[in-house]
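Chain by chain, the residues run as shown.
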Amino acid sequence: MASDNEEVCEIMSKVKINEEDEDSKDNSSSDSSSETSEDSIEIEVPFKVGMWDLKQCDPKRCTGRKLMRLELIDKLGMSAKFNGIVLTPVATESVSAKDNTIIAKYGVAVVDCSWARLNDTPFHKLQHRKAKKNLRLLPYLVAANPVNYGHPSKLSCVEALAAAMYIAGFKEIGDLYMSKFNWGPTFTRLNQHLLDGYADCKDGKEIVAFQNQYLNQLDNYRHASSSAESSSESSDNDI
C-alpha cells in the first residue's frame with residue numbers, strides 16, 4: 001500500500017496553493033485578486049468552505065482573504081476539527097466524484113501556504129487525526145491567476161477550491177467562487193476539457209488514468225511539434 005501511495009504522489013500534480021510566486025517581480029497584478037467578474041452569480045452554498053491561513057503570502061494578492069471578506073470562506077484555527085475534504089500537497093489521493101457526499105455533509109477546505117515553505121508548514125497540526133483519510137490532491141490543472149498564469153498546478157486558493165467543487169459535482173458553486181474575480185472564468189475555459197473529464201471519473205484511480213492519458217498526449221504533441229521545427233530548420237540550412 002505504501003508503494004502505491006508513493007506512485008500516486010509521483011504522478012499526481014500536487015496542489016500549489018500559494019497566492020504569490022516568491023520569485024515573481026510582477027507587481028502589476030497586485031490588485032487583480034480584488035477585482036470581480038462582471039458575470040458574478042449568486043447562489044446558496046449548502047456546505048462549509050474553510051481555509052487555514054498561514055500568512056505566507058501577499059495579502060493584496062490573496063484570493064482566500066478576499067473570499068473571507070465576501071463571507072464565502074471561514075478561517076480555521078490551527079487546531080480546528082474539520083471533517084470535510086482538505087486540499088493539501090501532503091495527500092496521496094485525488095479529489096473525485098466519490099467525495100461528493102463528504103463535501104455535501106462536511107464541506108471542503110484549503111491550506112493557504114507557500115510552496116517554497118512546505119518544510120516549514122505544520123500540516124500534521126492542521127487536520128484532526130480521525131479525518132486524515134479526507135486529505136486530497138488536485139490533478140493536473142493550469143493556473144489562470146495573474147501571478148502564475150499558464151503554469152501547471154500553481155493554483156490560488158479560489159482556483160483549488162473551485163476545481164475541487166467542479167470535480168466533485170458542485171459545478172455551479174465552483175463557478176460562483178470563480179465569478180468573484182475578473183480572471184475567474186478564464187480558469188474554467190483553460191481547463192474545461194480536464195475539469196469535465198475529471199468530473200466524469202468515479203474515483204481517484206480513474207482521475208489518475210485520465211490525467212496520465214492527457215499528459216501523454218501533450219508530450220506526444222510537443223515532441224511532434226519539436227521534430228517538425230527541427231526538420232524545417234534543417235531544410236532551411238540545406239537551401
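Residues numbered from 1 in each chain as written. Predicted model: local features only at pLDDT ≥ 70, side-chain atom pairs only at ≥ 80, totals over all residues. Heavy atoms only, no water.

**Q** Any details on the nonpolar core? Residues and values, ideally.
**A** Among the nonpolar cores identified, the biggest contains 45 residues, and Leu87, Val108, Leu138, Leu161, Met165 and Tyr177 are the most heavily contacted of them. Looking at this core, the elements that each hand over two or more residues are strand 1 (49-53), strand 3 (85-87), strand 4 (108-112), helix 4 (157-167), helix 5 (171-178), helix 7 (192-199) and helix 8 (204-238). Considering each element in turn, this core owes the most residues, 10 residues, to helix 4. In contact with Val108, not counting residues within four places along its chain, are Phe47, Lys48, Val49, Gly50, Phe82, Ile85, Leu87, Ile103, Leu161, Ala164 and Met165. Formed by nine residues, the second largest nonpolar core is a distinct cluster that contains Leu76, Val86, Ala109 and Val111. (Core = buried A, V, L, I, M, F, W, Y, C linked by side-chain atoms within 4.5 Å. Buried < 20%, exposed > 50% of the residue type's maximum accessible area, 1.4 Å probe, protein only. Helix = DSSP H or I, 4+ residues; strand = E, 2+ residues; numbered from the N terminus. Contact = heavy atoms within 4.5 Å.)

**Q** Account for the pairing of strand 1, with residues named and values stated.
**A** Strand residues, when the strand is regular, have side chains that alternate between the two faces of the sheet. In terms of burial, strand 1 is largely enclosed, as five of its five residues are buried. Taking every second residue as pointing to the same face, both faces of strand 1 are buried, with Val49, Met51 and Asp53 on one and Gly50 and Trp52 on the other. As paired elements, strand 1 and strand 2 (residues 74-75) share two bridges and run parallel to each other. By the bridge assignment for strand 2, Gly50 is matched with Asp74. (Pairing = 2+ DSSP bridges.)

**Q** Tell me about the pattern of salt bridges, and please be specific about residues and values.
**A** Scanning all chains against the criterion turns up four salt bridges. The salt bridge involving Glu93 is made with Arg136; its shortest N-O contact spans 3.7 Å. Here the residue Glu93 occupies a position in the loop between strand 3 and helix 3 (100-106), and Arg136 occupies one in strand 5 (residues 135-136), the gap between them amounting to 43 residues. Relative accessible area serves as the criterion here: at 3%, Arg136 is assigned to the buried category. For Asp99, the salt bridge is made with Arg136, and the minimal N-O distance between the two is 2.9 Å. Of this pair, Asp99 sits in the loop between strand 3 and helix 3 while Arg136 sits in strand 5, placing them 37 residues apart in sequence. Residue Asp99 shares its accessibility class with Arg136, and that shared class is buried. Within the structure, one salt-bridge network assembled from shared partners comprises Glu93, Lys98, Asp99 and Arg136. (Salt bridge = Lys/Arg side-chain N within 4 Å of Asp/Glu carboxyl O.)

Coordinates in, geometry out; function isn't part of it.
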